[in-house]
Amino acid sequence: MSNSENSDPKADSLFSVGAGRTHMEEPAEVTMKIPTVRVVAGPDLLQFVTLSGGQEMVIGRDESAGLVLGDASVSRNHASLRCDDGGEISVYDLGSTNGTAVNGATVQRALLRPGDHLEIGAVSLRLDLMGLDELHHLSRVLERMRAAGTDPLTGLQTRAWLDERLPALLARCEDAGQPFSVIFLDVDRFKSINDTFGHRVGDQVLQALARLVLLDVRDSDTCARYGGEEILVFLPGTDEKGAADVAERLRKTIGTHDWSRTAVGLKVTASLGVAQKLPEEEIALWLDRADRAMYRAKQSGRNAVRSASEPSLVTAAAAAPSPS
């Protein structure tokens, strides 16, 4: 995971997080790992809570819960998490309607180990040990999605950002002699997803996709919803090879995500094109080169990454409308 570039070296060690709110205390050391229960699939993706010795908190739909989950399968007070003074974490079902499970087995009470999967109703969570930089980044992702002026569905920047903010950002990079690359991401067969599972599921796919992308890039990188199922990821200070590495990481993250939590039988992949901006190149031409690279990824069988500088792209004729 990328680190937040805005992290304070005296970052917090104890968080009490619900719906993105944090309470912070100064840590004993910045290298410590903190037990973190995080939603890894479904509508509440990325919501998380951290635990410390002697702490107990409730997971549920009630707004007073320590970790609030909005899914209808979750009871108002569904389960509790308890961390003893030795750091041992247990989960207790609180008489929920749809049950609590650990690693697929229904439980009334169970110890949790790092890496264990916890199911609260239909919501999938995981216990991880996370560093302070990771927790800062996760908090920042949730904040970015709620910022004013972002796309109402995905929480990403809108196309207006390209006109209002991108030119100045490009100028700063050019003045500093730094490269600047863009990733053009398009969901494969998105129309088929809408036709098969319905537009509500299609919207949920875009929401989850936006969260996965934001989590996998730096806080200094900007993600914008370009149109429909198209997402642009702007990477200041990154050359085309570095951007291709980021794109490949995103491709794997999207393809291996547990989409069955969104709809049974759902699978989602994406095709990605990468282009580094050339000196004096117009923004529209730069984005078009990334778009054509993405189209080549579609042509190669989808679920792939292609770079604009590849010889086959440099010599190719203008692409026809890209397949879905």
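Residues numbered from 1 in each chain as written. Predicted model: local features only at pLDDT ≥ 70, side-chain atom pairs only at ≥ 80, totals over all residues. Heavy atoms only, no water.

A. Local environment of the nonpolar core. By size, the foremost hydrophobic cluster in this structure holds 45 residues, and its most contacted members are Ile 183 and Val 233. Counting only elements with at least two residues in this core, the list comes to α1 (132–145), β12 (180–187), α4 (190–197), α5 (199–216), β14 (230–236), α6 (240–256) and β15 (270–276). Take this core: its biggest share by element is ten residues, from α5. Every residue in contact with Val 233, bar those within four places of it in the chain, is listed here: Ser 181, Val 182, Ile 183, Val 213, Val 217, Thr 222, Cys 223 and Leu 250. In this structure, Val 74, Val 91, Ala 110 and Val 123 belong to the second largest nonpolar core, which totals 23 residues. (Core = buried A, V, L, I, M, F, W, Y, C linked by side-chain atoms within 4.5 Å. Buried < 20%, exposed > 50% of the residue type's maximum accessible area, 1.4 Å probe, protein only. Helix = DSSP H or I, 4+ residues; strand = E, 2+ residues; numbered from the N terminus. Contact = heavy atoms within 4.5 Å.)

B. Highlighting the side chain of Ser 80. Examined against the element boundaries, Ser 80 turns out to sit in strand β5 (residues 79–83). Overall, the relative accessible area of 1% leaves Ser 80 in the buried class.

C. Broad picture of the packing of aromatic side chains. For the coordinates displayed, the defined rule picks out four aromatic pairs. Note on Phe 180 and Trp 286: the rings are 5.6 Å apart at their centroids and 90° apart in plane angle, and the pair reads as edge-to-face. Taken together, the residues span a long stretch of sequence, with Phe 180 in strand β12 and Trp 286 in helix α7 (residues 283–299) at a distance of 106 residues. One aromatic cluster in this structure is built from Trp 161, Phe 180, Phe 234 and Trp 286. Over the ring of Tyr 92 we find Arg 82; its NZ or CZ atom is 3.7 Å from the centre of that ring. Over the ring of Tyr 226 we find Arg 159; its NZ or CZ atom is 4.1 Å from the centre of that ring. (Phe/Tyr/Trp six-rings, centres within 6.5 Å; stacked < 30°, edge-to-face > 60°. Lys NZ or Arg CZ within 6 Å of the ring centre and 35° of its normal.)

D. Representation of the pairing of β15 within the structure. Across the seven residues that make up β15, a large majority, six, are buried. Sheet topology note: the β12/β15 ladder contains seven bridges and is antiparallel. Bridge pairing in β15 places Val 182 opposite Ala 275. Bridge count for β15 against strand β16 (residues 305–307) is three bridges, and the pairing is parallel. Directly across from Val 274, in β16, lies its bridge partner Ser 307. (Pairing = 2+ DSSP bridges.)

E. Up close: the packing of α5 against α6. For the pair α5 and α6, interaxial distance at closest approach is 10 Å and the crossing angle is 140°. Here α5 is positioned oblique relative to α6, judged by the angle of their axes. The handedness of the crossing between α5 and α6 is right-handed. Contacts between α5 and α6 involve Leu 209, Leu 212, Val 213 and Asp 216 on the former and, on the latter, Arg 249, Leu 250, Thr 253 and Ile 254. (Axes fitted to C-alpha atoms, helices over the stretch in contact; angles between N-to-C directions. Parallel < 35°, antiparallel > 145°, perpendicular 65-115°, else oblique. Left-handed = near helix turned anticlockwise from the far one by under 90°.)

F. Looking closely at the environment of Arg 38. Considering the arrangement of structural elements, one finds Arg 38 in strand β1 (residues 33–41). Judged by relative accessible area, which is 10%, Arg 38 ranks as buried. Linking Arg 38 and His 117, residues 79 residues apart in sequence, is a C-alpha distance of 9.7 Å. Sequence-distant contacts of Arg 38, that is, excluding residues within four places in its chain, are made with Leu 46, Gln 47, Phe 48, Ser 124, Leu 125, Arg 126, Asp 128, Met 130, Leu 138 and Leu 215.

G. Structural detail: unusual backbone geometry. Look at Asn 103: it is not a glycine, yet its phi comes out positive at around 50°. Mapped onto the secondary structure, Asn 103 falls in the loop between β7 (100–102) and β8 (105–107). In this structure, Arg 189 is a non-glycine residue whose phi angle is positive, near 50°. Counting through the fold element by element, Arg 189 comes out in the loop between β12 and α4.

H. Representation of α4 in the model. Within α4 the residues assigned to the buried category are Phe 190, Ile 193 and Asn 194. Burial along α4 is one-sided: seen end-on, the buried residues are contained in an arc of 95°. Exposed and facing more than 90 degrees away from the buried side of α4 are Lys 191, Asp 195 and Thr 196. Looking one or two residues past α4, Gly 198 carries a phi angle of roughly 100°, positive in sign. (Arc of directions from axis to C-beta.)

I. A look at the sheet that holds β14. An order of β13-β14-β12-β15-β16 is seen for the five strands of this open sheet, with the pairing classed as mixed. Where the open sheet ends on each side, the last strands, each with one partner, are β13 (222–227) and β16. Adjacent strand axes in the sheet meet at a mean angle of 20°, parallel and antiparallel pairs treated alike. Packing of helix α3 (residues 166–175) onto the sheet brings it into contact with β12 and β14, and relative to β12 it is tilted by some 140°.

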